[in-house]
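# Examining the three-dimensional arrangement
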Amino acid sequence: MTMPSRNGFLKCALATLAAIALPTSTLHAQDVADDRVAPDVEFQPGVSLELFQGPTPDDEGIEVPKGTWTYLPVLLEGQTPNVSVVVDRIAIESDGIEGMTRCYVAEFTANLQIDEPGNYQFLLTSDDGSQFWINDEMIIDHGMAHGMTSKAGAIDLEAGQHAIRVSYFQALGGQGLSLEWQPPSATEFGVIPNDRLTTEAGLTRVVSPGPKRFAPAGKMPRPGDGRPLVDMHPMWKVTSLVTPFTEKNFPDVFEPKMTGMAYLGDNRLVATVFDPRNAVPKSNEPNGKLYLIEGVDDPADIWTDASVDLSAAPILRGPDEQERIAREVDKQLEKRRASEALKNRTDVEPNAVEIKATVIAEGFTNPLGVLAHEGSLYVADRDAITRLADTDGDGSYDLREVVASGWKSDNYHHFTFGPVIRDGYLYATLSTAVGAHGHKVTEWPTFGITPNGPHRGSVLELNLETGEIDWIAGGFRTPNGLFLHEGELFVGDNQGGWLPANELNHIRPGRFYGHYNGRYVTNLYPEGTSLSDFSDEPITPPAVYLPTSQIANSPTDGVTLTDGPFAGHLLMSDVKLGGLRRIVLEEVNGELQGVALRHSQGFSVGLNRLAWGKDGSLLVGGIGERRSWSWKRTQQGLQRLDPTGETAFEIHSVSALPDGLRVRFTEPVDQEQLTDIGRFEVQQWHYRPTADYGGRAFGIERLPAKLTPASDGMSVDLQLSGMKHHRVIHVRADVQSMSGEPIWSPEAWYTMNQIPGTPHQAPPDFVTRVAVLTETKGFRHGNIDEGVQAIKLLCRENGIDMFRADESELLFKPGVLESFDAVVFFNTTGDILDDDEQQQFEAFIRAGGGFMGIHAATDTEHDWDWYRRLVGGQFAGHPKVQSALLDVLDRSHPSTRHLDATWERSDEWYNFKNMATGLNVLMELDTTSYVGSTMGDDHPIAWFHEFDGGRSWYTGGGHTKAAFKERDFLKHLAGGLRWVTKIED
């Protein structure tokens, strides 16, 4: 076979680069998209923007390291942005990004098209600090905190596409950013035209709320302490399993993008492989193969560089640069040849073995698991479970039959995971949709997210003898990694809608695990999409939370350790944060709970599948999508971990006590350290699920600890004051062993579902839902859209799920209104509810529902006396918008405790009539401070009361657009939301 021609290279160039060791980078330092993409990748005009919200001085329970916001902060790796969007230019206005105005880092990345070669000047203006990079070369360093100032830089550029990046941080004061250029033929600076900037199109832009972690100024935390590990755990020796490279098989060298693995013995592994393409919304075409891989048990006899090079970022280029791509392929081919030459090194210990990979079946679509059982192979395909068997004993799989099917997959995120076999039954899991690709939505749901067919997010149970299928549990989102542990079924799930953090779940029949599918009406489902199976059951909490960006980001597979000091513990892989984490479970009050610990990094790829091999070896395989679903942009890898018999000094386990936790170590610790409270930090928090992607921690509080060490130094009991059930408890134990060895990783995350010695505690209902009604039958305020967006952000920050209804008929109908905890009337006017809707509203309040009225809510339903008493009064006119002083009468309520005794602000100050009795007035207007009051000295402007079984809160502010950019007014609204929803009393 001859080498492909240059034109042949061009046809497969982009796909080929995925098989070559291109440099990759950390997200913050060098996060631009790369060349390792498929030929059908599309680009669009614009700039990619990712924003990372940092801790602010008033975040509850979160300390801001000194100096964090004086120079461009360093984002600790492995974290998901709060915002990920495409914008038309590199700029930030004074009102911030999506309502975020304080303590954040923003990253802009794009291709810059240069037609005229020459010297280009750039002007970077910002408040606070910023940096500008071209092709990974810093052109302008303007990174210190400062007011709005400019700094210039210049560079010679050739014609073609160049990767640009602007990093910016906003501290606490004013904000703003702009990048301008001056081409060689120009005489002054100007905005870079949008048609010169491109970015990759069709990406799944994953986001997650809550503050991110940054390195304190001048001090990067050590690996394993506040950031991921970087090294291989000493209990393992790693061997890379690589395919031989020759001029003949390039570029068709086997790419181990491992989506399923089953060890067959006799030096053989069977694996499913496909190329993930998250940028393609709909793909039902076959893309997967089943490989037989031979040589997986062989001892290492060659050396190869399997490290992840973080020195530079790959450059995003447009698809039209054919000649440049050809040159890049030639260059990478030379690098591949050089890498192969390294195999002959004699000065280092061999770390790799060559394997043989042979296709034994193909035609699968997104196969995400394979199982070997009694001579057959079971493959989890997109729409079916397929069995392959060797019926004639000739070594080939001549029988191929579907043993389970019938579920519908109409979204790119509809996957099938598994399979697992136990006691004659086969189990698999289905994921749910992301987005509504391919659907024309005609009726949006008030509950749940994304359209799904029946049984999405559920666990399938197949009777292998009868072929009967049952769906035994529901409420999962992306249950990637179904496995058995001590005979029980477990699955990891990925953060997202309704899942504020990653999870390890113990599957029990008939239970619901938290992800709600919505009842959409679409062109594909004219009768309505399907709700999650068992969603009428209470949410079963996970056995172990895996806090996002702290110890996990996309958990995948799991295996049980059977030997050594960690026998009985679980190892779980992660495709996005990478590496392995160790899980220790225990049963309390009939429920499983336990601790998550960092275990190892040092792999060549984010890990997706695990399989036990020969003599206690662990086979680990990974896969990565080019941007959002990968660890450090790596896309492939297959390695073997062989036990060394060694260990590290680390936390062995954490277990629950009636009054705290017991922390065990692998080696003894000096008594002096175990009684030093300064070495131990303990926090607890909980999560509040919403339909928004991911979630933040709530109720963060430090727990005072009293230390009682064991006499042998192998453990310490932490007596914790204020410990609660259904919390995540984070422990940091910064100790050394008696031999002076630093602890491998001092952090542990314990999920306290049940407290020993107390009665079983049902999980609290942390799902809180608010409906915002904006219907008008009179004057319609021009700030409704801006106000709704601000309320949505407040809900997100407070863990409240929000639904907007512009028409009452969307909300006030049977089976809908009662699913909410509170209703907000935002600038509603006129008679908006008919008689039936009024009756439903009264029943809602009498059942304990909450009501929040903003501004024109008092100009609504004037002829309905019950509503007048609920809202507290009626609109009776107003003067012009003007500044006034507000006397804060109650500074203990959640909506006013942040205010001083007097608050000056500008708004449209309502006069009221027919005031209800029994109101608790929060604030009143100082009528001498403005012109137009008709109420004399007694002019309330915000109040609350309990009414007819429910709660009511009202504020007269909220007429102007500017009101919804005022931090104090937004805090005022947030406190009202927390009170009417009973999150806070």
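So, here is what we can say about the structure in this document. Everything numeric in this text was worked out from a predicted model, so none of it was measured.

What counts as what
Residues numbered from 1 in each chain as written. Predicted model: local features only at pLDDT ≥ 70, side-chain atom pairs only at ≥ 80, totals over all residues. Heavy atoms only, no water. Helix = DSSP H or I, 4+ residues; strand = E, 2+ residues; numbered from the N terminus. Buried < 20%, exposed > 50% of the residue type's maximum accessible area, 1.4 Å probe, protein only. Contact = heavy atoms within 4.5 Å. Areas by Shrake-Rupley, 256 points an atom, 1.4 Å probe, with all protein chains shown as cover. Salt bridge = Lys/Arg side-chain N within 4 Å of Asp/Glu carboxyl O. Phe/Tyr/Trp six-rings, centres within 6.5 Å; stacked < 30°, edge-to-face > 60°. Lys NZ or Arg CZ within 6 Å of the ring centre and 35° of its normal. Core = buried A, V, L, I, M, F, W, Y, C linked by side-chain atoms within 4.5 Å. Pairing = 2+ DSSP bridges. Axes fitted to C-alpha atoms, helices over the stretch in contact; angles between N-to-C directions.

### Thoughts on the overall build of the protein
Assigned secondary structure in the protein consists of 9 helices and 61 strands. Across the 985 residues that make up the protein, the buried fraction comes to 60%. Summarising the internal contacts of the protein: among those between residues at least 6 apart in sequence, 72% fall at separations of at least 24. Counting every atom, the protein has about 36600 Å² of accessible surface; 48% of that belongs to carbon and sulfur.

### Some thoughts on the pattern of salt bridges
Charged atoms that come close allow side chains of opposite charge to pair. Taken as a whole, this structure holds 34 salt bridges when the rule is applied. Of the charged contacts, one joins Asp225 and Arg732 as a salt bridge, the two residues approaching to 2.7 Å between their closest N and O atoms. Of this pair, Asp225 sits in the loop between β15 (214–215) and β16 (236–242) while Arg732 sits in strand β49 (residues 727–733), placing them 507 residues apart in sequence. An identical accessibility class is assigned to Asp225 and Arg732; each is buried. The partner of Lys961 in a salt bridge is Glu786, with the nearest N and O atoms 3.5 Å apart. Of the two residues, Lys961 is situated in the loop between β61 (950–955) and α9 (967–980) and Glu786 in helix α5 (residues 784–797); the sequence distance between them amounts to 175 residues. For Glu786, a relative accessible area of 34% puts it in the partly exposed group. Through salt bridges with shared partners, a single ionic network connects Asp225, Glu681, Arg732 and Asp734.

### So, the packing of aromatic side chains
Here the structure, examined in full by the defined rule, presents 36 aromatic pairs. An angle of 55 degrees between the planes, with centres 6.1 Å apart, marks the rings of Tyr104 and Tyr168 as tilted. With a gap of 64 residues between them, Tyr104 in strand β6 (residues 104–114) and Tyr168 in strand β11 (residues 160–170) connect regions that are remote in the sequence. Between Phe964 and Phe969, the ring centres sit 5.7 Å apart and the planes meet at 80 degrees, which makes this aromatic pair edge-to-face. Exposure remark for Phe964: the relative accessible area of 6% places this residue in the buried category. Clustering of aromatic rings is evident, with ring pairs tying together Phe812, Phe825, Phe841, Phe844, Phe851, Trp864, Trp866, Tyr867 and Phe947. One Lys or Arg, Arg400, reaches over the ring of Phe364 and ends 4.2 Å from the middle of that ring. Lying over the aromatic face of Phe566, Arg582 brings its terminal NZ or CZ to 3.9 Å of the ring centre.

### Some thoughts on unusual backbone geometry
Backbone torsion omega between Asp127 and Asp128 reads 20 degrees, so that peptide bond is classified as cis. The residue Asp128 is located in the loop between β7 (118–127) and β8 (130–134) in this model. In this chain, Gly418 is followed by Pro419 through a cis amide linkage whose omega measures -5 degrees. Within the element layout of this structure, Pro419 appears in strand β26 (residues 416–422). Backbone geometry at Asp423 places phi at a positive 55 degrees, although glycine is not the residue there. Looking at the secondary structure, you find Asp423 in the loop between β26 and β27 (425–430). Here the phi dihedral of Asn914 falls at roughly 50 degrees; this positive angle occurs in a residue that is not glycine. Here Asn914 lies in the loop between β58 (912–913) and β59 (920–925).

### Concerning the nonpolar core
Grouped together as the largest cluster of nonpolar side chains are 71 residues, with contacts concentrated most on Leu811, Phe825, Phe826, Phe841, Tyr867 and Met923. It is α9 that provides the largest number of residues to this core, a total of 7 residues. Excluding residues within four positions of it along the chain, Phe826 makes contact with Val772, Leu773, Thr774, Asn783, Ile784, Gly787, Val788, Ile791, Ile854, Gly958 and Phe964. Counting 31 residues, the second largest nonpolar core, distinct from the first, contains Leu49, Met100, Ile139 and Val166.

### Notes on the sheet that holds strand β45 (residues 680–687)
Think of a sheet as strands paired side by side through backbone hydrogen bonds, with each pair either parallel or antiparallel. Pairing within the open sheet is antiparallel, and its 8 strands lie in the order β36-β37-β38-β39-β50-β49-β45-β46. The sheet terminates laterally at β36 (555–560) and β46 (697–702), the two strands that pair on one side only. Pairwise comparison of adjacent strand axes, ignoring direction, gives a mean angle of 25 degrees for this sheet. By the bridge criterion, 3 bridges tie strand β39 (residues 591–600) to strand β50 (residues 747–752) in an arrangement that is antiparallel. Bridge assignment links Ala596 to a residue of β50, and that residue is Trp749.

### Here we look at the pairing of β59
Where strand β56 (residues 882–888) lies against β59, 3 bridges are found, and the strand directions are antiparallel. Directly across from Leu886, in β59, lies its bridge partner Leu925. With 4 bridges joining them, β59 and strand β60 (residues 940–947) adopt antiparallel strand pairing. What sits directly across from Asn920, in β60, is Phe944.

### Considering the pairing of β7
Burial analysis of β7 places 7 of its 10 residues in the buried class, which makes it a mostly covered element. For β7 and strand β10 (residues 149–157), the ladder comprises 9 bridges, and the chain directions are antiparallel. Bridging from a neighbouring strand, Gln121 pairs with Ala154 of β10. Pairing analysis gives 7 bridges linking β7 to strand β12 (residues 176–182), with the strands arranged antiparallel. Paired with Phe122 across the bridge in β12 is Trp181.

### Thoughts on the sheet that holds strand β40 (residues 607–612)
Taken in spatial order, the 5 strands of this open sheet run β20-β16-β42-β41-β40, and their pairing is mixed. Each edge of the sheet is formed by a strand with only one pairing partner; in this case those strands are β20 (352–354) and β40. Between one strand axis and the next, the sheet turns through 25 degrees on average, direction left out of account. Pairing geometry for β16 and β20, over 3 bridges, is parallel. Each bridged residue has a counterpart across the sheet, and for Val242 the counterpart in β20 is Glu354.

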